[in-house]
Amino acid sequence: MGAVRFERPAGETAAAQRSPEPAVSHASPHPSASAAVTATPTGVPTPTAAPTTPHSLVTPSPRAPATGSSRPAPASTPGPTATAPAPRTSAAPARFTPISVQAEHPDNTIAGGARVTACATCDGGARVRYLGKVVVYLDVPTGGTRTVTVTYEADGHREIKVAINSAAPRTFETSGTGWDVPRTFRFTAAIPAGRVAIALYNDTSSPPDVDKVTIS
């Protein structure tokens, strides 16, 4: 039995050659995002995204250790302000007021034949003469080294002894030009505070007359 040959009509074969069957596209009808083109204005720099550090490379910051209570510290109360002490100043010693007592004062001791006589040129209008001995008493508020001044009258050279309280007597030379001319002699001595007795006398010769005694 011989082979059977099927032949297409000549017109069908030519049409198949001229019009190939169109290919079917399976792509999405919407445009792809990667295919979109964004226009960049001329002259404007394109922002560059900051590089992102992978989470595996980020090192956590260490936290400060707790230091006790988280309560705020109470406000400090200001204490008293210290003030520098004022500089000390030494007080000036009180000035000593001179003390005078008349030899003829009634509180004094007049002995050994001495007596009070009037004297126009004497302080107080009188003096003690013809010693004997006269003890003059003075009240001294503060003790210290003082000057003792004796006012007297004499005619010529004479000696007189002076003793303060229970101390040994001291002898002084005096001179004068008449019984109506007051003169003085003075000396320094340690005078205690309180009642002071000053004795004036001469137990060996005639002394001068005594007008008054002053402590200064």
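The structure we're discussing is the one just above.
Quick look at the structure, then. The shown structure was predicted, so the numbers you read here are calculated from the model rather than taken from an experiment.

The rules behind each value
- Residues numbered from 1 in each chain as written.
- Predicted model: local features only at pLDDT ≥ 70, side-chain atom pairs only at ≥ 80, totals over all residues.
- Heavy atoms only, no water.
- Phe/Tyr/Trp six-rings, centres within 6.5 Å; stacked < 30°, edge-to-face > 60°.
- Buried < 20%, exposed > 50% of the residue type's maximum accessible area, 1.4 Å probe, protein only.
- Lys NZ or Arg CZ within 6 Å of the ring centre and 35° of its normal.
- Disulfide = S-S within 2.5 Å.
- Core = buried A, V, L, I, M, F, W, Y, C linked by side-chain atoms within 4.5 Å.
- Helix = DSSP H or I, 4+ residues; strand = E, 2+ residues; numbered from the N terminus.
- Contact = heavy atoms within 4.5 Å.

### Digging into the packing of aromatic side chains
Part 1 of the argument: Under the definition given, this model contains three aromatic pairs.
Part 2 of the argument: Pairing Phe172 with Phe187 gives two aromatic rings, centres 4.8 Å apart and planes at 25 degrees, and the pair type is stacked. No difference in accessibility class separates Phe172 from Phe187, as the two residues are buried.
Part 3 of the argument: It is Lys133 that lies over the ring of Tyr201; its NZ or CZ is 5.3 Å from the centre.
Part 4 of the argument: If you follow Arg146 out to its NZ or CZ, it ends over the ring of Phe96, 4.0 Å from the centre.

### A short note on the state of the cysteines
Part 1 of the argument: Tallied over the entire structure, the rule returns one disulfide.
Part 2 of the argument: A sulfur-sulfur separation of 2.1 Å characterises the disulfide bridge that pairs Cys119 with Cys122. Taking the torsion about the S-S bond as the criterion, the Cys119 to Cys122 disulfide, at about 70 degrees, is right-handed.
Part 3 of the argument: Overall, the relative accessible area of 7% leaves Cys122 in the buried class.

### Regarding the nonpolar core
Part 1 of the argument: Among the nonpolar cores identified, the biggest contains 29 residues, and Ile198 and Leu200 are the most heavily contacted of them.
Part 2 of the argument: Where this core is concerned, the elements lending two or more residues are β1 (99-102), β5 (133-140), β6 (144-164), β7 (170-191), β8 (194-201) and β9 (209-215).
Part 3 of the argument: At seven residues, the largest contribution of residues to this core is made by β6.
Part 4 of the argument: Residues within four places of Leu200 in sequence aside, it is in contact with Leu131, Gly132, Lys133, Val134, Val136, Val150, Ile160, Lys161, Val162, Val210 and Val213.

### Examining the environment of Val136
Part 1 of the argument: Note on placement: Val136 falls in strand β5.
Part 2 of the argument: In this structure, the C-alpha to C-alpha distance between Val136 and Val196, residues 60 residues apart in sequence, is 8.3 Å.
Part 3 of the argument: Ignoring any residue separated from it by four or fewer positions in sequence, one finds Val136 in contact with Val101, Ala103, Asn108, Val196, Ala197, Ile198, Leu200 and Val213.

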